[in-house]
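As a plain string of letters, each chain reads:
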Amino acid sequence: GPSDLPPEIWEKVKNHPCYSEQAHHHFARMHVAVAPACNIQCNYCNRKYDCANESRPGVVSEKLTPEQAARKVVAVASTIPQMTVLGIAGPGDALANPAKTFKTFELVTETAPDIKLCLSTNGLMLPDYVEQIAAMKVDHVTITINMVDPEVGAQIYPWIFYNHRRYNGVEASKILSERQLLGLEMLVARGILVKVNSVMIPGINDQHLIEVNKAVKSRGAFLHNIMPLISEAEHGTAFGLSGQRGPTAQELKALQDACEGEMNMMRHCRQCRADAVGLLGEDRSAEFTTEKVMAMD
Ligand code: CLF
């Protein structure tokens, strides 16, 4: 609540359904799926679907241009007055599609200046865009950090695409981890609130996420959201991880409890789709297809 937080922080979280547990009962968010490309490969990803970082696997969001997205934001905001936050969370990576992501933010700032802007990224390109993120007054950034040890990372990420080439194995995860933590520090230095999402993958990074929690806490992350891998038969069949199970509810809670400390743990995440609309856990995306939005005046 407000008494636990400095006033300038409370100002930023009180209307954000993901950053404040209380706020999620009263305030809605929407995502626009303007970012289809991705620059890393996760073993648990199937590229046919939305990124499993923010989204449930097996979901295919309708991709939008920045212009369609801005129009949709206006349509949703006029239908759902509690809609306070616009997030870009895929279906690929927001910062692997910087022109589309920032054009969308620019248009929304012009047409709906009261809407808060939120961004979710794997962090690989984050240090290059911190200035632009700050300049666009994006107050909330989520970085998905599944490891701080490249040896663990090599079991999660077969490759990254960076500086015009592909890197594999431990080398790829070393670059990714350095870029994620640098980006986190740069955002914190600018007063931008950072949430870290981690996907708990039993047998791969479950115990290691305690180290991740310490690493992001010491660098000033505001919130840590440990989410369960949702097991899907189709996961990673190309990479030999088919059959990877997700954690049980008890395993997830035990890890969240082990990490609970000076930094808050998010426990109300709903693993939203890349075109989610409404209160967390409510899915009104079907009311706002491009066809319907374009027919509204
Ligand atoms: Fe979207 Fe993410 Fe912003 Fe929220 S979702 S970009 S921080 S506005 Fe929220 Fe959804 Fe969980 Fe994400 S419940 S998946 S944490």
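Scroll up to find the structure.
Residues numbered from 1 in each chain as written. Predicted model: local features only at pLDDT ≥ 70, side-chain atom pairs only at ≥ 80, totals over all residues. Heavy atoms only, no water.

> With reference to specific residues and values, describe the overall build of the protein chain.
Looking only at helices and strands, one finds nine helices and 11 strands in the protein chain. Here the protein chain has a C-alpha radius of gyration of 18 Å; the compact-globule value for 297 residues is 19 Å, and the two agree. Principal-axis analysis of the C-alpha atoms places the extent of the protein chain at approximately 50 × 45 × 35 Å. Counting every position in the protein chain, which comprises 297 residues, the buried fraction comes to 56%. For the protein chain, the accessible area works out to roughly 12,500 Å², and carbon and sulfur atoms hold 53% of it. Each charge sign in the protein chain was given a centre, from 29 positive and 34 negative side chains, and these centres are 2 Å apart. (Helix = DSSP H or I, 4+ residues; strand = E, 2+ residues; numbered from the N terminus. Rg over C-alpha atoms; globule rule 2.2 N^0.38 Å. Buried < 20%, exposed > 50% of the residue type's maximum accessible area, 1.4 Å probe, protein only. Areas by Shrake-Rupley, 256 points an atom, 1.4 Å probe, with all protein chains shown as cover. Lys, Arg positive; Asp, Glu negative; His and termini not counted. Charge placed at Lys NZ, Arg CZ, Asp CG, Glu CD.)

> Account for the pairing of strand β3 (residues 83–88), naming residues and giving values.
The buried fraction of β3 amounts to six of the six residues, a majority that puts the element mostly inside the structure. The sheet contact formed by strand β1 (residues 28–31) and β3 spans four bridges and is parallel. Note that in β3 the partner of Ala 28 across the bridge is Met 83. When β3 meets strand β4 (residues 116–121), the two strands line up parallel, connected through four bridges. Note on β4: the bridge partner recorded for Gly 87 is Cys 118. What joins β3 to β4 is helix α3 (residues 98–111), and the crossover it makes is right-handed. (Pairing = 2+ DSSP bridges. Right-handed = clockwise from strand over helix to strand, strands pointing away.)

> Explain the sheet that holds strand β7 (residues 165–168) to me, and be specific about the residues and the numbers.
Strand order in the open sheet made by the three strands is β2-β6-β7, with antiparallel pairing throughout. At either end of the open sheet lies a strand with only one pairing partner, and these are β2 (40–41) and β7. Packed onto the sheet, helix α6 (residues 169–189) meets β2, β6 (159–162) and β7 and runs at close to 105° relative to β7. (Contact = heavy atoms within 4.5 Å. Axes fitted to C-alpha atoms, helices over the stretch in contact; angles between N-to-C directions.)

> Please give an account of the pattern of salt bridges that cites residues and values.
Between side chains of opposite charge, pairing is possible as soon as their charged atoms come close. One pass over the full model with this rule turns up 13 salt bridges. One salt bridge in this structure joins Glu 131 and Arg 190, with 2.4 Å as the shortest N-O distance. Placement of Glu 131 in helix α4 (residues 126–135) and of Arg 190 in the loop between α6 and β8 (193–200) is noted, with a sequence separation of 59 residues between them. Taking relative accessible area as the criterion, Arg 190 reaches 36% and is therefore assigned partly exposed. With a closest N to O distance of 3.0 Å, Arg 245 and Glu 251 form a salt bridge. (Salt bridge = Lys/Arg side-chain N within 4 Å of Asp/Glu carboxyl O.)

> I'd love a proper account of α6, names of residues and values included.
Across its 21 residues, α6 extends 31 Å between first and last C-alpha, which sits within 8% of the 30 Å expected from 1.5 Å per residue. For α6, the full list of buried residues reads Ala 172, Ser 173, Ile 175, Leu 176, Ser 177, Arg 179, Gln 180, Leu 181, Gly 183, Leu 184 and Leu 187. (Expected span 1.5 Å × (residues − 1).)

> Which residues make up the sheet that holds strand β5 (residues 140–144), and what are the values?
Pairing in this open sheet of eight strands is mixed, and the strands run β10-β9-β8-β5-β4-β3-β1-β11 from one edge to the other. Taken across any chain shown, the strands that pair with only one partner, and hence form the sheet edges, are β10 (264–265) and β11 (277–278). Strand direction decides the pairing type here: β8 and strand β9 (residues 223–228), joined by six bridges, are parallel. Each bridged residue has a counterpart across the sheet, and for Val 199 the counterpart in β9 is Met 227. Packed on one face of the sheet, helix α2 (residues 66–79) meets β1, β3 and β11 and runs near 155° to β3.

> Let's hear about the environment of Ala 135: which residues, and what values?
Mapping Ala 135 onto the fold places it in helix α4. With 92 residues separating them along the chain, Ala 135 and Asn 43 place their C-alpha atoms 34 Å apart.

> Account for the side chain of Asn 43, with residues named and values stated.
Mapped onto the fold, Asn 43 is located in the loop between β2 and α2. The exposure class assigned to Asn 43 is buried, which follows from its relative accessible area of 7%. Separated by 2.7 Å, the side chain of Asn 43 and the backbone oxygen of Gln 155 make a polar contact. (Polar contact = N/O pair within 3.5 Å; in protein donor to acceptor, adjacent residues only side chain to side chain.)

> Outline the nonpolar core, supporting the account with residue identities and numerical values.
Counting 75 residues, the largest nonpolar core has Val 32, Val 73, Leu 86, Phe 105, Ile 133, Ile 160 and Leu 187 as the members making the most contacts within it. Among the elements that line this core, the one with the most residues is α6, at six residues. Val 73 has contacts with Met 30, Val 32, Met 83, Leu 86, Val 108, Ala 112 and Ile 115, leaving out every residue within four places of it along the chain. Formed by 12 residues, the second largest nonpolar core is a distinct cluster that contains Val 13, Met 266, Ala 276 and Leu 280. (Core = buried A, V, L, I, M, F, W, Y, C linked by side-chain atoms within 4.5 Å.)

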